[in-house]
Amino acid sequence: MSLLLINGPNLNLLGQREPGIYGMDTLKSIESRLHELAKAEGFELECFQSNVEGELVNRIHQAFGKVQGILINAGAYTHTSIAIRDSLLGVSIPYVELHLSNTYSREPFRHHSYLSDKAVGLVSGFGPISYQLALQGLINYLRMSQQNK
Ligand code: CA2
């Protein structure tokens, strides 16, 4: 089974700026760790990052029929993008929303997400570990769904 990790705007800066909020790990190191964890569980993982909303939408469309689950940190687009929401719902691929920071302990404009209500689950606030928790949650969800078929 194939999974897709999507990271939105500015997450390419991880490990280079604002370590107090977002941690010291680079996106590359997070991706390679997740790759190993997925592989150990028998899953393939592809990773994609873009600062451009339409590119994120296009990548989600490309996943249709090829990917069984999506992990997404849409960054600031979480709070603004109906287009990303529509694309996730359009391809009908189960997804887990994740964030490094606890968005509910931050500014009020980060308290609303266009993705949460349709997500399989939400992980927020554990720094880079949020990615691992989200992966475990998604894999568990997919296995349970297979069993119930
Ligand atoms: O906590 C998260 O993972 C966020 O998705 C991060 C977004 C923010 O807009 C969301 O509200 C919560 C911002 C990503 C910015 O990443 C940076 C990383 C290093 C340096 C500067 C920005």
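Our structure's up above, just so we're on the same page.
Computed from a predicted model, the values in this text were never measured in an experiment.

Thresholds, definitions, all that
- Residues numbered from 1 in each chain as written.
- Predicted model: local features only at pLDDT ≥ 70, side-chain atom pairs only at ≥ 80, totals over all residues.
- Heavy atoms only, no water.
- Core = buried A, V, L, I, M, F, W, Y, C linked by side-chain atoms within 4.5 Å.
- Buried < 20%, exposed > 50% of the residue type's maximum accessible area, 1.4 Å probe, protein only.
- Helix = DSSP H or I, 4+ residues; strand = E, 2+ residues; numbered from the N terminus.

## Points about the nonpolar core
Counting residues in hydrophobic clusters, the biggest one holds 21 residues, and the most contacted among them are Leu3, Leu34, Leu71, Tyr131 and Leu135. Those elements that provide at least two residues to this core are strand S1 (2–7), helix H2 (27–40), strand S4 (95–99) and helix H5 (129–147). Here this core gets six residues from one element, more than from any other, and that element is H5. With 18 residues, the next largest nonpolar core counts Val67, Ile70, Ile72 and Tyr95 among its residues.

## Quick notes on unusual backbone geometry
The phi torsion at Asn10 lies on the positive side, around 75°, for a residue other than glycine. Residue Asn10 is classed as exposed on the basis of its relative accessible area, which comes to 51%. Within the chain, Ser92 stands out as a residue other than glycine whose phi angle is a positive 55°.

## Digging into the side chain of Ser87
Residue placement: Ser87 occurs in helix H4 (residues 82–91). On the basis of relative accessible area, Ser87 is assigned to the buried category, the value being 3%.

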